[in-house]
Amino acid sequence: NRDSNTVSWLPNLGNAIFGAPGTMAVGLLPDHVAAADVDGNGTPDLVTTNTDSDDISILTNESATCQPTICGDTFCDPGENVCTCAVDCGDPPVTEIPGGTCTDSVDNDCDGFTDCDDVADCGSDAACMVGGGIVLAPAGNVLVPVRPDTVAIGDLDGDLDLDLAVTGETPDKISILLNNGDGNFAAPIAIPTGGGTGPGHITAVDLDGDTDLDLAVALKGIDSIRVYFNSGAAAFVAGGTFGVGMTPVHLAAADFDGINGVDLACVNRDSGDVSILLNNGTGSFGPAADVAVDLDPREVTAGNFDGDLDIDLAVTNHDTRTISLLVNNGTGTFSLGTTLSVGPAVRPDGITAGDLDGDTDLDLAVATSGGGFDFATIFLNDGLGTFGAPQNFAVGGVNPGSIVASDLDCDGDLDLATGNRDSNTVSWLPNLGNAVFGTPGTTAVGLLPDHVAAADLDGNGTPDLVTANTDSDDISIILNQTAGACGGVARPLPDDAIDITGAVRLCATDADCVVGLNPVSEINCVQAPAGGGGLASCYVRRNKYVSIRPNPNNAGLQSARRVKLITGEVLGWVGPPAQVAVDGPEAAAQWLSRIQATSHYTDWNAAGTVHVGDCAVSPGQTYVIQAVADGADEADEASYSEELVLGTVAAYGDVIGAEIGSPPDRERNFRDISAVVRGFQSIQSEPKVWLDLQGSVAVPEIPEFSDINFGDINRVVGGFQGAVYPFAAPCDCPGQGCF
């Protein structure tokens, strides 16, 4: 520094972030500085040439940082960094750092991979690409001439594909669009709501407990919520109309009090509160309990934010730039908790909850805009309901009004999509991991897209997007064409595919049977007939497989198994098992069999657990397995064991019932998510055979039976979000992929 006659040094704290400088006096007018190890102690020294004092200054470096590397010596030595020695060098960042350049190949988050920060350095890596490599087809618009407000997605007619319910105000009605199975929809079926009712936000959920999806709609014109009951074939009849606050604009559905099924929460824009309606079990609701929030509330989302297993709420308040957290006391009574600020520049509108950073708790994503900024603003949860500072990610569109979280590329984390009202576009933001979102992709939709939703509409296994476009009187269907993201283009098994989340067993006595898979009432233990040789086995039906776990007390017994419909049609015999090399905790016990035309007698204990797959297994059916010992008369039904009845569940991702320890209840809700998270954390001993949905990398269809991990959580969350059955049938089934 020539005018102060000093030398300054600036420590690099990492990633070209420099700390407070140090200074030292040298000669007069130091015109040049150089660095080298002058004294040979292993640390660089400094030398200046000083023009006006006719000398040079030598500054020897007495730092110990270049001494032999010893992690734990309080010095961040050469060769040490935040990844290899955090105790000396400080904690690493928790996320990778997108943007800028990565020419230095820095691994910012110590995950063992060079961070991908721009396309020039990282080539075609999806994390660097616009839209993260997620490929969405151009929108196809479907005319719904009612000035569409919102759209609800669900299987309304019971045919195993996802239909739409759209609200609009000119005239006031609900339009039902039934899916042809491929993402194309039949002409709208109108359900008038009455003049002046002003139907707005709508949700599809089972309100009366009969397993089909009913509708609840906010009627802005009469400050009410109305229920429409489903006959099961998308024939809806009006139920009750229930008063709420002033100008209801958004609904959330969840079981708030832990009894009587799904309840409702409604945001009331003009009265600045949220109305809670508790279900009596039949789809009728008592008087609303109102909880004050803040000015101009817009949307509400439900989730277990504080880790206490009941369902809380988060509400966006547009005018005060805040998020109100409403804490559930466990009985459906809410109190105002923490208030989050989105910052002074933007205002919040849409909101959604999901595990954005992969730590198993629910984070928040908010559509925010204002002052020329248009963001997806995220708040990360610590698991106890304390949220971090807002993090903003540009959406690439103007005035995002709604937001949805969905795994658009099926990489195991949740991406985001927004409907951008003033640019008439949808944006999607790829999650690069740990809730760091990459460069958004955009596509044009109809005019004034007020609402966006996500679900697999065409049955190819990837979530699609749909928007309700108010000013163009239509909805936009945006099909997801991301190559191979969710297992290719083969249509997965339907949502109701057989997935026995209980187990049955055939036992000579209780002591003879292998227990531990599911030691509760869902196991049916029956006495084996004498002609069957006292054969005893445990059976578990998963996905497109019957999994047989033989009784070790019958070692060496040669027997055969047959599978048939409960009505009596024999599908075939279990063929010879072949071992498949897989990973996971039961790698040595993964054996696969096919159903074949002839009986196969073997010592089943030699193979361990055998997974029997067959394309003849159909959704909505009930199957049985019988066993016969070697030497018995196959033509004599009396020689077979009793029938082992295998039931079905209604939906993929349904792993728990209304009470802890109870079997699946044909509903996919937050209890299912809580159960699998408790199983993952080993704080709740639900039967693992219920919770374990994700298998190994090689054979993902077959659960590992003993490992509850993030894959299982993601699959239950996916089921809750409407994902259809994700697995193909065995590879020898026509038109299906291989396991």
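If you're wondering where the values come from, they're calculated on a predicted model, not measured in any experiment.

Engineer: A description of the sheet that holds strand S21 (residues 322-328) should follow, citing residues and the corresponding values.
Structural biologist: The strand order across the open sheet built from four strands is S19-S20-S21-S22, with neighbouring strands paired in antiparallel fashion. A single partner strand is all that each edge strand has here, and the edge strands are strand S19 (297-303) and strand S22 (334-341). Adjacent strand axes in the sheet meet at a mean angle of 25° when their direction is disregarded. For strand S20 (residues 312-317) and S21, the ladder comprises five bridges, and the chain directions are antiparallel. Its bridge partner lying in S21, Ala-314 is registered against Leu-325.

Engineer: How would you explain the pattern of salt bridges if you had to name every residue and give the values?
Structural biologist: What the rule picks out here adds up to nine salt bridges. Between Lys-220 and Glu-169 there is a salt bridge whose closest N-O contact spans 2.8 Å. Linking Lys-220 in the loop between strand S12 (214-219) and strand S13 (224-230) with Glu-169 in strand S8 (residues 163-169), this pair joins segments that are 51 residues apart in sequence. A relative accessible area of 22% means that Lys-220 is categorised as partly exposed. With its nearest N and O atoms 2.7 Å apart, the salt bridge here joins Asp-349 to Arg-421. In this pair, Asp-349 sits in strand S23 (residues 347-354) while Arg-421 sits in the loop between strand S28 (415-420) and strand S29 (425-429), placing the two residues 72 residues apart along the sequence. Across the pair, Arg-421 and Asp-349 agree in class, each one buried. Three or more residues are tied together by salt bridges with common partners; here these are Arg-269, Asp-296, Arg-298, Asp-349, Arg-421 and Asp-450.

Engineer: Outline the packing of aromatic side chains, listing residues and values.
Structural biologist: Counting across every chain of the model gives five aromatic pairs. For the pair Phe-256 and Phe-334, a centre-to-centre distance of 5.4 Å together with 90° between the ring planes defines the contact as edge-to-face. One end of the pair, Phe-256, is in the loop between strand S15 (248-254) and strand S16 (263-268); the other, Phe-334, is in strand S22, with 78 residues separating them in the sequence. Overall, the relative accessible area of 9% leaves Phe-334 in the buried class. Ring geometry for Phe-373 and Phe-375: centres 5.5 Å apart, planes at 25°, overall stacked. On the accessibility criterion, Phe-373 (40% relative accessible area) is partly exposed. Take Phe-375: its relative accessible area is 15%, and that puts it in the buried class.

Engineer: Before we move on, could you go through the sheet that holds strand S10 (residues 189-192) and cite the residues and values that matter?
Structural biologist: On the basis of which strands lie adjacent, the open sheet formed by four strands has the order S7-S8-S9-S10 and antiparallel pairing. At either end of the open sheet lies a strand with only one pairing partner, and these are strand S7 (148-154) and S10. Neighbouring strand axes in the sheet, compared pairwise and without regard to direction, differ in orientation by 20° on average.

Engineer: Could you give me a rundown of the nonpolar core, with the residues and numbers involved?
Structural biologist: Nonpolar side chains in soluble globular proteins tend to end up buried together. Counting residues in hydrophobic clusters, the biggest one holds 44 residues, and the most contacted among them are Phe-256, Val-274, Leu-313, Ile-323 and Leu-364. Sort the elements by how many residues they give to this core and helix H3 (residues 670-681) lands first, with five residues.

Engineer: Account for the environment of Ala-190, with residues named and values stated.
Structural biologist: Within the element layout of this structure, Ala-190 appears in strand S10. Sequence separation between Ala-190 and Lys-173 is 17 residues; the distance between their C-alpha atoms is 6.4 Å. Beyond its immediate chain neighbours, meaning those up to four positions away, Ala-190 contacts Lys-173 and Ile-174.

Engineer: Hey, could you go over the pairing of S15 for me, with residue numbers and the actual values?
Structural biologist: As a general feature of sheets, a regular strand has side chains that alternate between the two faces. S15 sits mainly inside the fold: five of its seven residues count as buried. When S15 meets S16, the two strands line up antiparallel, connected through six bridges. Within the sheet, the bridge partner assigned to Ala-252 lies in S16 and is Ala-265.

Engineer: Explain unusual backbone geometry to me, and be specific about the residues and the numbers.
Structural biologist: Residues Thr-170 and Pro-171 are joined by a peptide bond in cis, for which omega reads 0°. Although it is not a glycine, Thr-247 adopts a positive phi angle of roughly 60°. As for its placement among the helices and strands, Thr-247 is situated in the loop between strand S14 (236-243) and S15. Of note, the phi angle at Asp-473 is positive, near 55°, even though the residue is not glycine. You can see Asp-473 is positioned in the loop between strand S32 (464-469) and strand S33 (474-478). What makes Asp-473 partly exposed here is its relative accessible area of 25%.

Engineer: Residue-level account of the confidence of the model for the protein chain, with values.
Structural biologist: Interpretation of this model should avoid reading the predicted coordinates in detail wherever pLDDT is low. Scored by pLDDT, the protein chain comes out at a mean of 76, with 68% of its residues at no less than 70. Low pLDDT, under 50, characterises residues 111-129; the stretch is placed with 43 contacts to residues that sit more than four places away or in other chains. In the predicted structure, residues 487-544 sits below a pLDDT of 50 and forms 210 contacts with residues beyond four places in sequence or in another chain.

Calculation criteria
Residues numbered from 1 in each chain as written. Predicted model: local features only at pLDDT ≥ 70, side-chain atom pairs only at ≥ 80, totals over all residues. Heavy atoms only, no water. Pairing = 2+ DSSP bridges. Helix = DSSP H or I, 4+ residues; strand = E, 2+ residues; numbered from the N terminus. Axes fitted to C-alpha atoms, helices over the stretch in contact; angles between N-to-C directions. Salt bridge = Lys/Arg side-chain N within 4 Å of Asp/Glu carboxyl O. Buried < 20%, exposed > 50% of the residue type's maximum accessible area, 1.4 Å probe, protein only. Phe/Tyr/Trp six-rings, centres within 6.5 Å; stacked < 30°, edge-to-face > 60°. Core = buried A, V, L, I, M, F, W, Y, C linked by side-chain atoms within 4.5 Å. Contact = heavy atoms within 4.5 Å. pLDDT = per-residue confidence, 0-100.

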